[in-house]
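Secondary and tertiary structure notes
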Amino acid sequence: MSTSAHVLPRALQLAGRMSITQGTSVRGTWVGPLMATVVTLPAALVAYIIGGLSPMACDACDGAEAERFTRRFDTAFTFLQVGLLASVALLLVSWGLPRTEENVTRRRLFAALAPGTVVLSVILFAGIVPWPN
């Protein structure tokens, strides 16, 4: 093989300032999104069920306490729902990014943010609701 066959790809690489592997599929990029999906979806389901059952904590409440609980619960449950939808959106982005070398870090970042969003949503929900004594 002549040296001119190696010179042209190297020249193109330097001229375009791109790696030879740019745009090619990378193996193993599905691991991060899969692990995040296995953790996030069950956690989101449990959070949603617990959030939906939370009004029973104020079954014995009366009058002003029940009104205050209901008002704050409605706001908190909306925040929980938005947070859980955001975690699903992060999962979809982590799966949807192309499996190229330049997107490996982005895929891992979006995959790692998904379960963190579920945890943050639950903490926010629990902090907003005025739990009865």
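Everything discussed here concerns the structure shown above.
Glancing now at the state of the cysteines. Applying the stated criterion across every chain yields a total of one disulfide. Sulfur-sulfur distance for the disulfide between Cys-58 and Cys-61 comes to 2.0 Å. Note on the Cys-58 and Cys-61 pair: the S-S dihedral is about -125°, so by sign convention the disulfide is left-handed. There is no split in this pair, since Cys-58 and Cys-61 are both buried.

A cluster of nonpolar side chains, Trp-30, Val-31, Leu-34, Met-35, Val-38 and Trp-95, forms an exposed patch at the surface whose accessible area comes to about 570 Å². For the nonpolar patch, the leading source of residues is helix H2 (residues 31-53), giving four residues. Along the chain, Val-31 turns up in helix H2. Judged by relative accessible area, which is 34%, Val-31 ranks as partly exposed.

Since there are 3.6 residues in each turn of an α-helix, residues three or four apart along the chain are aligned in direction. The terminal C-alpha atoms of helix H3 (residues 63-96), which comprises 34 residues, lie 49 Å apart, in line with the 50 Å expected from a rise of 1.5 Å per residue. When H3 is considered as a whole, its buried residues turn out to be Phe-69, Phe-73, Ala-76, Phe-77, Leu-80, Gly-83, Leu-84, Ser-87, Leu-90, Leu-91 and Ser-94. Packing partners of the buried residues in H3 comprise H2 and helix H4 (104-128).

With that out of the way, let us pick up the nonpolar core. Counting 14 residues, the largest nonpolar core has Phe-73, Leu-84, Phe-125 and Val-129 as its most contacted members. Elements that contribute at least two residues to this core include exactly H2, H3 and H4. For this core, the leading source of residues is H3, giving six residues. Sequence-distant contacts of Val-129, that is, excluding residues within four places in its chain, are made with Phe-69, Phe-73 and Ala-76.

In total, this model carries one salt bridge according to the counting rule given. Where Arg-71 meets Glu-67, a salt bridge forms, and the shortest distance between an N and an O atom there is 3.9 Å. Here the residue Arg-71 and the residue Glu-67 both occupy positions in helix H3, the gap between them amounting to four residues, near one helical turn.

This paragraph deals with the packing of H2 against H4. The geometry of H2 relative to H4 is characterised by a closest axis approach of 9 Å and an angle of 15° between their N-to-C directions. As summarised for this structure, H2 and H4 are arranged roughly parallel, according to the angle between their axes. Every pair of crossing elements has a handedness; the one defined by H2 and H4 is left-handed. Only Arg-107, Ala-111, Ala-114, Pro-115, Val-118, Val-122 and Phe-125 of H4 make contact with H2, whose side of the interface consists of Gly-32, Pro-33, Ala-36, Val-39, Thr-40, Ala-43, Ala-44, Ala-47 and Gly-51. Residue composition of the contact of H2 with H4, by class: 12 nonpolar, three polar and one charged.

What counts, and where the lines are drawn
Note that residues are indexed from 1 along each chain, following the sequence as it is written. Reporting of local features is limited, given that this is a predicted model, to residues whose pLDDT is at least 70; pairs of side-chain atoms are given and counted only at 80 or more, and all residues count toward the totals for whole chains, interfaces and linings. Hydrogens and waters are ignored; side-chain quantities use all the structure's heavy atoms. Any two cysteine sulfur atoms within 2.5 Å of one another count as a disulfide. Relative accessibility under 20% of the residue-type maximum defines a buried residue, over 50% an exposed one, and the middle range a partly exposed one, all with a 1.4 Å probe and only protein chains included. The patches reported here contain residues having more than 30% relative accessible area and no salt bridge. Joining distances are 9 Å for like charges and 5 Å for nonpolar side chains (Val, Leu, Ile, Met, Phe, Trp, Tyr). Per-residue and other accessible areas follow the Shrake-Rupley method at a 1.4 Å probe size, with only the shown protein chains counted as cover for residues. Should a side-chain nitrogen of Lys or Arg be within 4 Å of a carboxyl oxygen of Asp or Glu, the pair is scored as a salt bridge. Secondary structure follows DSSP: runs of H or I at least 4 residues long count as helices, runs of E at least 2 residues long count as strands, and numbering of each begins at the N terminus. The span one expects for a helix is its residue count, reduced by one, times 1.5 Å. Whether two residues touch is decided by their heavy atoms; if any such pair falls within 4.5 Å, the residues are in contact. To define a nonpolar core, start from buried Ala, Val, Leu, Ile, Met, Phe, Trp, Tyr and Cys residues and group those joined through side-chain atoms within 4.5 Å. Only the stretch in contact is used when a helix axis is fitted, and all axes are lines through C-alpha atoms; the angle between N-to-C directions ranges over 0 to 180 degrees. The cut-offs work like this: below 35 degrees is roughly parallel, past 145 is roughly antiparallel, 65 to 115 is roughly perpendicular, and the gaps in between are oblique. A crossing counts as left-handed when the near helix is turned anticlockwise from the far one by less than a right angle, and as right-handed when that turn is clockwise. Residue classes follow a fixed rule: Ala, Val, Leu, Ile, Met, Phe, Trp, Tyr, Cys and Pro count as nonpolar, while Asp, Glu, Lys and Arg count as charged, and any other residue, Gly among them, counts as polar.

Coordinates in, geometry out; function isn't part of it.
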